[in-house]
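# Residue-level structure breakdown
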Amino acid sequence: MKRVFYALITFFIFGLIILGGIFVYPQKYNQLADQLASKIGFKFPKAVEKDYKLGLDLQGGIHFVYEADMSQIPENERKDILEGLKDVIEKRVNFFGVTEPSIQTQTGGDKYRLIIELPGILDVTQAQNIIGKTPFLEFREPRDEQEIQKIIEIKEKIREALQNNEDITKIENFSLAFEDPYFKPTELTGKYFKKATLAFDNTAGKPIILIQFNDEGAKIFEGITEKNVGKPLAIYIDNQLLSAPIVQQKITGGSAQITGNFTIEEAKELVRNLNAGALPVPIKLVSQGKVEAGLGQESLQKSVEAGLWTFLIISIILLVVYRFSGFTIILTLVFFIISLLAIIKLSGITLTLASIGGIILSIGMAVDANILIVSRIKEELMEGKSINVAIIEGFRRAMPAIRDANITTLLTAGIMFFIGTSFLRGFAITLSLGIILSLINALIVQKVFLKTFICSFLEKHRRIIV
């Protein structure tokens, strides 16, 4: 009964290997499916072609390091301001359609930096224009219906002119088409904004945002709210609408509150963005780098070739030294590699040269664990024990060494992830994922293969086992 159980599990694992292989590399399967369909007339289902998420060093792009000037900011507020700057710049690069940007904060001593990676963009000037300088905060009041209708009509005229390849500058007041049709700028900008803080409503307990202006801003704010009671007052950062609360009454004293159906995280983000847009936090470029796409693809190709050659050499050594047990290790490694690549593709983990290094190192750890198990089994067989007992004892004796080695490596990877830069984090993520999978493979998949092939079919051929 146990043999049937292990055989079924083995067939299931082989099925996962085939499905995983199709998911990892669907192009070959789809080509084969098309060829078979043309020959036998049966259409096979196509595999979804999902690309790996490639990092800057493989895809090519721009790498910037900006430093924020926090000299005018109280020390206890600097990290929040830096997070606010990060949020605003993320909105900027996403608005311009940059795919998979990476923006991280870095603090050390009195340095507050933003590390910005823009894959797929190779024009330095374009990248600098996207990032821009200090975020701009402004308050806008609603236009009257006549203004709104006029701007909409001009926009429509320009759309028709563009369709007919006509000169839009001949349209009267054509520049109005580039303005917000519903809200118009006021004098109230981040220049007069003092600070925003998170609070909670006393009755409902919902998060609200308290805002405060300086003395000059308080007077401007009072005048704007007086003439816009019952109307929305729009808050913009970098020409993007953040919120448009309704003015309930004339507000004096320069203090007000923004209410709405905010979650706590949404309210915190709004507070960060308001403060980042209002406070004098200029950012300056301290370093930049450019990675050509061709260089990245060449590095990726060489990494893959190195991995394939390494796997081939390891497989030959395993077959020569460990015979049929070496074959089960190779099968386990195939399942491990396909599983690891499938999870990386499915989860959207960014592949960089560093993360590929973590993958290769985890493969080495997986080989080490499997060899340790097989070596212990060989020692048990040499003492004259039965194959089944040798496998059980081999796993039991190998477990402490495998456990200790992998736990210490996981701890090291954890330290690199929490205190390291983005380069080290990518390495730590793939290494940790690989180690966890290697443990599962060594202690479960390898055991299934040994029980299926050796206990079931090779009990009388001990010499070819190891």
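Before any of the text, the structure's been laid out above.
In short, a report on the structure. These figures come from a predicted structure and were not determined experimentally. Numbers given to residues run from 1 along each chain, matching the order in which its sequence is written. A pLDDT threshold of at least 70 governs which residues receive local features in this predicted model, and a stricter bar of 80 or more applies before side-chain atom pairs are shown or counted, although totals over entire chains, interfaces and linings include all residues. Note: side-chain values were computed over all heavy atoms of the structure, leaving out hydrogens and water.

Take the pattern of salt bridges next. A pairing counts as a salt bridge when a side-chain nitrogen of Lys or Arg comes within 4 Å of a carboxyl oxygen of Asp or Glu. Scanning the model with the defined rule gives 15 salt bridges in all. Between Arg113 and Glu67 there is a salt bridge; the shortest N-O distance is 3.1 Å. Here Arg113 is found in strand S3 (residues 111–119), whereas its partner Glu67 is found in strand S1 (residues 61–68), with 46 residues between them in sequence. Judged by relative accessible area, Arg113 falls into the partly exposed class, the value being 26%. Its relative accessible area of 12% is what places Glu67 among the buried residues. A salt bridge links Glu156 to Arg159, with the nearest nitrogen and oxygen atoms 2.4 Å apart. Of the two residues, Glu156 and Arg159 are both situated in helix H6 (residues 145–163); the distance of 3 residues between them amounts to about one turn of the helix. Categorising residues by exposure relies on relative accessible area from a 1.4 Å probe, with only protein chains included: less than 20% of the type maximum marks a residue as buried, more than 50% marks it as exposed, and the intermediate range marks it as partly exposed. Taking the relative accessible area as the measure of exposure, Arg159 reaches 40% and is therefore partly exposed. Residues joined in a network through salt bridges with shared partners are Arg143, Glu147, Glu179 and Lys184. Segments assigned H or I by DSSP are reported as helices when at least four residues long, segments assigned E as strands when at least two residues long, and all are numbered from the N terminus.

Before going further, it helps to examine the sheet that holds strand S11 (residues 283–291). Hydrogen bonding along the main chain pairs the strands of a sheet, whether they run parallel or antiparallel. Any two strands with at least two DSSP bridges between them are considered paired. Spatially, S2-S3-S1-S11 is the arrangement adopted by the 4 strands of the open sheet, whose pairing is antiparallel. Edge positions in the sheet fall to strand S2 (102–108) and S11, since each has one partner strand and no second. Each strand axis lies, on average, 20° off the axis of its neighbour in the sheet, ignoring direction. Geometry is summarised by axes, namely lines fitted to C-alpha atoms with helices restricted to the contacting stretch, and by angles between N-to-C directions that run from 0 to 180 degrees.

So, about the environment of Ile220. Mapped onto the fold, Ile220 is located in helix H7 (residues 215–226). A relative accessible area of 15% places Ile220 in the buried class. Expressed as a C-alpha distance, the spacing of Ile220 and Tyr192, which sit 28 residues apart in the sequence, is 8.9 Å. When sequence neighbours within four positions are dropped, the list of residues in contact with Ile220 reads Glu187, Leu188 and Tyr192. Whether two residues touch is decided by their heavy atoms; if any such pair falls within 4.5 Å, the residues are in contact.

Further remarks concern the layout of surface pockets. Quantified by volume, the largest pocket comes out at close to 920 Å³. Forming the boundary of the largest pocket are 27 residues, of which Val24, Val304, Leu308, Ile337 and Leu341 lie nearest the centre. Secondary structure elements with two or more residues in the lining of the largest pocket: helix H1 (2–24), helix H9 (293–347) and helix H10 (353–382). In terms of residue count, the dominant contributor to the lining of the largest pocket is H9 (13 residues). Throughout, the protein atoms alone are placed on a 1 Å grid, and a set of points is a cavity if a 1.4 Å probe fits but cannot get out or a pocket if it is open with protein on both sides within 12 Å along at least five of seven lines; lining residues have an atom within 4 Å of a point. Grid points are joined across faces, edges and corners, and a volume is the space filled by probe spheres set on the points.

This part covers the environment of Ile22. Position of Ile22 relative to the elements: it lies in helix H1. It is 6.9 Å that separates the C-alpha atoms of Ile22 and Ala47, two residues lying 25 residues apart in sequence. Among residues more than four places away in sequence, those in contact with Ile22 are Tyr29 and Ala47.

All quantities given are derived from atomic positions and should not be read as evidence of function.
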